[in-house]
Amino acid sequence: MNTTGKVVLSLFAGAVVGAAAGVLFAPKKGEETREDIKNKILELKGEVMDLIEKGEDIASEKIKEIKAKITSLEKDLKKAMPC
């Protein structure tokens, strides 16, 4: 896992722990606490989906770059190799 991935994972883990602690220690009724937990889970789910989407975009872009480099190398090899 690269450094950026570790940072994102650490930030996400910190957010989850902080949100859980905040909700669990808040002086509210059980029903309100459960509703808060549900809402926070839905919010975090949205954030995770956004991160996954960004990761897919980055991976797709990297794949395009690699394909372009491979194509370029193939052309160079064909030029360098006598037939």
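Note: the structure precedes this text.
Residues numbered from 1 in each chain as written. Predicted model: local features only at pLDDT ≥ 70, side-chain atom pairs only at ≥ 80, totals over all residues. Heavy atoms only, no water.

(A) Highlighting the pattern of salt bridges. Applying the stated criterion across every chain yields a total of 2 salt bridges. One salt bridge connects Glu 43 with Lys 40, and the closest N-O pair in it is separated by 3.5 Å. Remark: Lys 40 and Glu 43 occur in helix 2 (residues 30-80); sequence separation between them is 3 residues, near one turn of the helix. Accessibility expressed as a relative area gives 40% for Glu 43, which makes it partly exposed. Put simply, Lys 62 and Glu 65 hold a salt bridge, and the shortest N to O gap is 3.8 Å. Note that Lys 62 and Glu 65 are positioned in helix 2 at a spacing of 3 residues, about one turn of the helix. (Salt bridge = Lys/Arg side-chain N within 4 Å of Asp/Glu carboxyl O. Helix = DSSP H or I, 4+ residues; strand = E, 2+ residues; numbered from the N terminus. Buried < 20%, exposed > 50% of the residue type's maximum accessible area, 1.4 Å probe, protein only.)

(B) Layout of the environment of Asp 50. By secondary structure assignment, the location of Asp 50 is in helix 2. Among the residues examined, Asp 50 registers a relative accessible area of 46% and is labelled partly exposed. It is 26 Å that separates the C-alpha atoms of Asp 50 and Leu 24, two residues lying 26 residues apart in sequence.

(C) Molecular detail of the packing of helix 1 (residues 3-24) against helix 2. Remark: helix 1 packs on helix 2, axes separated minimally by 10 Å, with the N-to-C direction vectors making an angle of 170°. By the angle between their directions, the pair helix 1 and helix 2 is classed as roughly antiparallel. In this structure, helix 1 contributes Val 8, Phe 12, Val 16, Ala 19, Val 23 and Leu 24 to the contact, and helix 2 contributes Thr 33, Asp 36, Ile 37, Lys 40, Leu 44, Val 48 and Leu 51. Looking at the contact of helix 1 with helix 2, its residues break down into 10 nonpolar, 1 polar and 2 charged. (Axes fitted to C-alpha atoms, helices over the stretch in contact; angles between N-to-C directions. Parallel < 35°, antiparallel > 145°, perpendicular 65-115°, else oblique. Contact = heavy atoms within 4.5 Å. Nonpolar A, V, L, I, M, F, W, Y, C, P; charged D, E, K, R; others polar.)

(D) Here's a closer look at the layout of surface pockets. The volume enclosed by the largest pocket comes to roughly 170 Å³. Taken together, Val 8, Leu 9, Phe 12, Val 48, Leu 51, Ile 52, Lys 54, Gly 55 and Ile 58 make up the full set of residues lining the largest pocket. If you list the elements that add at least two residues to the lining of the largest pocket, you get helix 1 and helix 2. In terms of residue count, the dominant contributor to the lining of the largest pocket is helix 2 (6 residues). (1 Å grid on protein atoms, 1.4 Å probe; cavity = no way out; pocket = protein on both sides within 12 Å on 5 of 7 lines; lining within 4 Å. Points joined across faces, edges and corners; volume = space filled by probe spheres on them.)

(E) Structural view of a nonpolar patch on the surface. A surface patch of nonpolar side chains, about 450 Å² in accessible area, is lined by Leu 24, Phe 25, Ile 37 and Ile 41. Assignment of secondary structure puts Leu 24 in helix 1. A residue is classified by how much of its surface remains accessible, and Leu 24, at 58% relative accessible area, is exposed. (Patch = residues over 30% accessible without salt bridge, like charges linked within 9 Å, V, L, I, M, F, W, Y side chains within 5 Å. Areas by Shrake-Rupley, 256 points an atom, 1.4 Å probe, with all protein chains shown as cover.)

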